[in-house]
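Each chain, written out:
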Amino acid sequence: MPGLSCGIVGLPNVGKSTLFNALTAGKAEASNYPFCTIDPNVGIVPVYDPRLQILSALSKSKKLVYADMEFVDIAGLVAGAAQGEGLGNKFLANIRETDAIVHVVRCFESEDITHVSGAVDPIRDIEVINIELGLADLQMVENVLQKIEKQLKTKKELGQVFTLLQRVQTHLNQNLPVRTLALTEEEKELLKPYPFLTAKKVLYAANVSDADLPHMENAHVQKVREYAEKEGNRVIPICAKLEAEIGQLAREERGSFLAEMGLSESGLQRLIRACFSMLGLITYLTTGEIETRAWTIPQGMSAPEAAGKIHTDLQKGFIRAEVVGYNDFVSCKGRVGAREAGKARSEGAKYIVNDGDVILFFTNS
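Residues numbered from 1 in each chain as written. Predicted model: local features only at pLDDT ≥ 70, side-chain atom pairs only at ≥ 80, totals over all residues. Heavy atoms only, no water.

Looking at this structure, I do not really get the nonpolar core. What am I missing?
Soluble globular proteins tend to bury their nonpolar side chains together. Ranked by size, the top nonpolar core spans 61 residues in total, and within it C6, L19, M69, F71, Y204, L271 and C275 carry the most contacts. Residue contributions to this core peak at seven residues, all from helix α10 (residues 267-278). In this view, Y204 contacts H103, V105, I126, N130, V224, Y227, A228, E231, N233, R234, V235 and I236; residues no more than four positions away in its chain are not counted. If you look at the next biggest cluster of nonpolar residues, it comprises 18 residues, including M140, V144, L158 and F196. (Core = buried A, V, L, I, M, F, W, Y, C linked by side-chain atoms within 4.5 Å. Buried < 20%, exposed > 50% of the residue type's maximum accessible area, 1.4 Å probe, protein only. Helix = DSSP H or I, 4+ residues; strand = E, 2+ residues; numbered from the N terminus. Contact = heavy atoms within 4.5 Å.)

As structure tokens, this is what we get:
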């Protein structure tokens, strides 16, 4: 299963499909990782991490396994999607299962690419999509409330959920996303079975033209940034056209191509890193002769819980973790060198894993 799942939304002709195609060209990122198409609109993409190659060389690993992300391309999202316009309902159902939303917004002018509304206006575009997501949530909460109301006579314990969902309904009726509703931790738990679209965190991908390289700033991007700040969301300017071109290149050619454009890294890497950050995710690493692998976990996870990501038996039988920071592991040329230099730490069950920790778990199983 992918470590992270993002739904890509946006109006037609904003560069959404170009971005999705560029992302899924990520199949070239790791030769041992076959690009996987679950259905025509879902792609699982390995998240390229240069640390793995360095660790693999030190450990003489037989294979590399990158962390991965699942991208769901929500095609056909137009005004009226919540009522089934375009292919709205089908694709809105797909996005309910994702962890976050990447909202592609057109921030470029082009006589060659018509805009669905006749003119480029990123804030109007954002609001069209937000209204559709809100209407879909409203439809869902109304259906759920009807079902629970019928069950209340025999299941009094549903009263608390019913009252909470009525609050959600009122909030949505004010054109406000669920993520802005003040909720206690207990209330958040009660809402977990109901995957509201507007409860998800949003990352705006401001799609600019190659004329805006390398700074990727223009008046449209600035408007999106101001809008996102009010919501508490982030903006990543990206040139989908450029990303598609990068995706066609061999990995060893990409660095020099980016440098020619005045860029240090691809927009997709910035976007993926921003998704990880937005969802509070980090990566820890394991390495040995068999494989070098990246594992995606939430920030704040303990060593036994992190071990459980590899196998539940490792969590149950956890004794201790030997932890070496990535930089120490590299400078000491491996785990043996790190032990000799006193850089390998023995950590117990209360240890909170950090990004880049290279871990060896010891268990009683």
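That covers the picture; the talk isn't over yet.
Sorry, what's going on with the packing of helix α4 (residues 122-151) against helix α5 (residues 159-173) here?
Two measures define how a pair of helices packs: the angle their axes make with one another and the distance between the axes. Here α4 crosses α5 at 155 degrees, and the two axes come no closer than 10 Å. Accordingly, the angle class assigned to the pair α4 and α5 is roughly antiparallel. For the pair α4 and α5, the crossing hand works out as left-handed. Here α4 contributes G134, D137, L138, V141, E142, V144, L145, I148 and E149 to the contact with α5, which in turn contributes V161, F162, L165, Q166, V168, Q169, L172 and N173. Residue composition of the contact of α4 with α5, grouped by class: ten nonpolar, four polar and three charged. (Axes fitted to C-alpha atoms, helices over the stretch in contact; angles between N-to-C directions. Parallel < 35°, antiparallel > 145°, perpendicular 65-115°, else oblique. Left-handed = near helix turned anticlockwise from the far one by under 90°. Nonpolar A, V, L, I, M, F, W, Y, C, P; charged D, E, K, R; others polar.)

Help me understand α10 in this model?
Side chains three or four residues apart in an α-helix point the same way, a direct result of the helix having 3.6 residues per turn. If you check α10, its first and last C-alpha atoms are 16 Å apart, about what twelve residues at 1.5 Å a residue would give, namely 16 Å. Among the twelve residues that make up α10, nine are buried, leaving the element largely enclosed by the rest of the structure. If you check which residues of α10 are buried, you get G267, L268, Q269, L271, I272, A274, C275, F276 and M278. Looking one or two residues past α10, G280 carries a phi angle of roughly 65 degrees, positive in sign. (Expected span 1.5 Å × (residues − 1).)

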